[in-house]
Amino acid sequence: DLFDIIRANDATAGDAFDIDMGDAAVAGDAIDISFGTGASTGAGVRIAFGGAHTGEGVNINMTNAVGAEAILITGAGARTDRLIEITDSSGAAGAEPLFIQKTAGAAEMVILDSNGAAGSDVLNIEIDGNVSGRALLIEGGAWTGTGGEGCIEFGSTAVGTISAGNVILINQLGTGVHAAQ
């Protein structure tokens, strides 16, 4: 290790690292990690908790940085792995692996833009092991939309000839109650 920080068990307050960038308009980074051309197998940053911690692994407060992105991930080249992968086996109700809550503003919640990704799915939901749950559940509160809005809207900006395919395609294999409905 280039740096090895071991905190005493009785040290219960304070930070191991405290970087204060000051009030100047800094063009550089607080921390810059660059890997060379070698095929490294370690992580750039690894966080492992050994106990039942209740704090966050990473806490980013963007309240005042209204023109900045909290996380920017850029991928290119012949990728052989995902850019983001979340694996959770806790199964506890109320402990969803991903939770997005928007409390104000008119901006979209999530935008999936598949511009130029021909031949791939924009959203792929596989529920092989979830035999009793739903793939998609939409629960609406008090509806305040107008007559031209809905919970689900399909639209196309195609002009002229629309390419082959279906707006909605349901392919239910097998037999049973679902096949009859």
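Here is a short report on the structure shown in this document. All figures in this text were calculated on a predicted structure; none of them were measured in a lab.

**Concerning the overall build of the chain**
Now for step 1: Broken down by element type, the chain carries 1 helix and 0 strands.
Now for step 2: For the chain, with 181 residues in total, the buried portion stands at 0%.
Now for step 3: Considering only contacts in the chain between residues 6 or more positions apart, those separated by 24 or more positions represent 0%.
Now for step 4: Of the accessible surface of the chain, which amounts to about 18,000 Å², a share of 52% is contributed by carbon and sulfur atoms.

**Topic: a negative patch on the surface**
Now for step 1: A grouping of D15, D18, D20 and D23 is seen on the molecular surface, where their side chains present a negatively charged patch.
Now for step 2: Relative to the helices and strands, D18 resides in the segment before α1 (177-180).
Now for step 3: Classification of D18 by relative accessible area gives exposed; the value is 64%.

**Comments concerning the pattern of salt bridges**
Now for step 1: On inspection of all chains with the given rule, the structure shows 1 salt bridge.
Now for step 2: With a shortest N-O distance of 3.5 Å, E85 and R82 are connected by a salt bridge.
Now for step 3: The class of R82 is exposed, set by a relative accessible area of 58%.

**Quick notes on the environment of L83**
Now for step 1: One can find L83 in the segment before α1.
Now for step 2: Look at L83 and you get partly exposed, because its relative accessible area is 47%.
Now for step 3: Residues L83 and I73, spaced 10 residues apart in sequence, show a C-alpha to C-alpha distance of 7.7 Å.
Now for step 4: The contact partners of L83, leaving out residues within four places of it in the chain, are I73 and G75.

**Focus: the environment of R46**
Now for step 1: Considering the arrangement of structural elements, one finds R46 in the segment before α1.
Now for step 2: A relative accessible area of 68% places R46 in the exposed class.
Now for step 3: Residues R46 and G57 lie 11 residues apart in sequence; the distance between their C-alpha atoms is 10.0 Å.

Calculation notes
- Residues numbered from 1 in each chain as written.
- Predicted model: local features only at pLDDT ≥ 70, side-chain atom pairs only at ≥ 80, totals over all residues.
- Heavy atoms only, no water.
- Helix = DSSP H or I, 4+ residues; strand = E, 2+ residues; numbered from the N terminus.
- Buried < 20%, exposed > 50% of the residue type's maximum accessible area, 1.4 Å probe, protein only.
- Contact = heavy atoms within 4.5 Å.
- Areas by Shrake-Rupley, 256 points an atom, 1.4 Å probe, with all protein chains shown as cover.
- Patch = residues over 30% accessible without salt bridge, like charges linked within 9 Å, V, L, I, M, F, W, Y side chains within 5 Å.
- Salt bridge = Lys/Arg side-chain N within 4 Å of Asp/Glu carboxyl O.
- Lys, Arg positive; Asp, Glu negative; His and termini not counted.
- Charge placed at Lys NZ, Arg CZ, Asp CG, Glu CD.

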